[in-house]
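# Examination of the molecular architecture
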Amino acid sequence: MVGRSNVGKSSLINALLRQTVARTSAAPGKTRLANFYEVAHDGRPWCLLVDLPGYGYARGGAAARQEFDQLAADYFAAGRGSVLLLVDSRHPELDADYRAFLWLVDHGVPCQVVATKLDKLTQAERRRHLGVLERRYSGPLGVSAQTGEGLEALWTQIATLLRQPSPQEAEAPPNPSRSI
Ligand SMILES: Nc1nc2c(ncn2[C@@H]2O[C@H](COP(=O)(O)OP(=O)(O)O)[C@@H](O)[C@H]2O)c(=O)[nH]1
Ligand SMILES: [Mg+2]
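Calculation notes
- Residues numbered from 1 in each chain as written.
- Chains lettered and ligands numbered in written order.
- Predicted model: local features only at pLDDT ≥ 70, side-chain atom pairs only at ≥ 80, totals over all residues.
- Heavy atoms only, no water.
- Pairing = 2+ DSSP bridges.
- Helix = DSSP H or I, 4+ residues; strand = E, 2+ residues; numbered from the N terminus.
- Contact = heavy atoms within 4.5 Å.
- Axes fitted to C-alpha atoms, helices over the stretch in contact; angles between N-to-C directions.
- Parallel < 35°, antiparallel > 145°, perpendicular 65-115°, else oblique.
- Nonpolar A, V, L, I, M, F, W, Y, C, P; charged D, E, K, R; others polar.
- Near = heavy atom within 4 Å.
- Polar contact = N/O pair within 3.5 Å; in protein donor to acceptor, adjacent residues only side chain to side chain.
- Areas by Shrake-Rupley, 256 points an atom, 1.4 Å probe, with all protein chains shown as cover.
- Phe/Tyr/Trp six-rings, centres within 6.5 Å; stacked < 30°, edge-to-face > 60°.
- Lys NZ or Arg CZ within 6 Å of the ring centre and 35° of its normal.
- Buried < 20%, exposed > 50% of the residue type's maximum accessible area, 1.4 Å probe, protein only.
- Salt bridge = Lys/Arg side-chain N within 4 Å of Asp/Glu carboxyl O.

### Remarks on the sheet that holds strand β6 (residues 141-142)
- Read across the open sheet, the four strands follow the order β1-β4-β5-β6; overall the sheet is parallel. The two strands at the open ends of the sheet, each matched to only one other strand, are β1 (2-3) and β6.
- Here six bridges tie strand β4 (residues 83-88) to strand β5 (residues 111-116), and the two strands are oriented parallel to one another. By the bridge assignment, Asp 88 is partnered in β5 with Thr 116.
- Helix α3 (residues 95-106) rests against β4 and β5 of the sheet, and its axis sits at about 165° to β4.

Dropping the structure here:
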């Protein structure tokens, strides 16, 4: 989970897991560490959901931003997993979100854009904002952690992302011990 502070990363994790495991807060900038949640399916470990600290949060100044940049660079340089890039559906045109999206695309990180807090939009805003997001990001999914809207579709998309090889795996030469 990647996104600006307060976009709803922790709330979405809790909604997806139907448990309160991630700490949420109305005050931005609370998650300063990456938190890992192991998801089991049929009693077996299935995937890890990782709640990363939010970007675009000024408090803590340059040191905090550098800390975040370093964390993100190290994390994704290791080719770990796919990203759900969360954007607030009320603010579909933020530069910080678009820059994060371009960074992920540039670094070959598989990425799904998720528009959060859909319940806060009127019907007219939904049409307009989802239209803006469609034009910026391919196939964004709209969700609400509050009402549960869109969560089934998001689980389906998570399963699809998990089946994609990571960039490193995709580029790795075939394992000789596995060839005939
Ligand atoms: N109405 C509504 N509020 C939400 C939703 N998701 C998150 N919030 C609120 O947005 C604020 C920030 O959420 P949080 O999950 O802590 O954001 P994070 O900083 O990205 O982890 C909290 O006050 C949440 O209750 C949503 O789907 N609908
Ligand atoms: Mg959080």
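### Points about the packing of helix α1 (residues 9-17) against helix α5 (residues 151-163)
- The N-to-C vectors of α1 and α5 enclose an angle of 90°; their axes lie 10 Å apart at closest approach. In this view, α1 runs roughly perpendicular relative to α5, as classed from their interaxial angle. For the pair formed by α1 and α5, the contact residues are Leu 12, Ala 15, Leu 16 and Leu 17 on the first element and Leu 151, Leu 154, Trp 155 and Ile 158 on the second.
- When grouped by side-chain class, the residues that make up the contact of α1 with α5 number eight nonpolar, no polar and no charged.

### Quick notes on the pairing of strand β2 (residues 35-41)
- Relative to strand β3 (residues 44-51), β2 runs antiparallel, the two sharing seven bridges. Of the residues in β3, the one forming a bridge with Phe 36 is Val 50.
- Here β2 folds back onto β3 in antiparallel fashion, the turn holding two residues, of which Asp 42 has a positive phi close to 50°.

### Considerations on the site of ligand 1
- The local shell around ligand 1 holds 17 residues, among which Asn 6, Lys 9, Ser 11, Asp 119 and Ala 145 are the closest.
- Residue Gly 8 places a main-chain N or O atom 3.0 Å away from an oxygen atom belonging to ligand 1.
- Asp 119 is positioned with one of its side-chain polar atoms (N or O) 2.7 Å from a nitrogen atom of ligand 1.
- Protein contacts shield 83% of the accessible area of ligand 1, which totals 580 Å² for the unbound molecule.

### Regarding the packing of aromatic side chains
- Under the defined criterion, the tally for this structure stands at four aromatic pairs.
- Grouping aromatic residues by their ring pairs yields a cluster made of Tyr 98, Phe 101 and Tyr 137.
- Lying over the aromatic face of Tyr 98, Arg 136 brings its terminal NZ or CZ to 4.9 Å of the ring centre.

### What about unusual backbone geometry?
- In this structure, Arg 18 is a non-glycine residue whose phi angle is positive, near 55°.
- When you line up the elements, Arg 18 lands in the loop between α1 and β2.
- Classification of Arg 18 as exposed rests on a relative accessible area of 71%.
- One non-glycine residue, Asp 42, lies in the positive phi region at around 50°.
- Mapped onto the secondary structure, Asp 42 falls in the loop between β2 and β3.

### Concerning the pattern of salt bridges
- Enumeration over the complete set of coordinates arrives at four salt bridges.
- Note that Glu 152 is salt-bridged to Arg 18, the shortest N-O span being 3.8 Å. Of this pair, Glu 152 sits in helix α5 while Arg 18 sits in the loop between α1 and β2, and the two are 134 residues apart along the sequence.
- Judged by relative accessible area, Glu 152 falls into the exposed class, the value being 55%.

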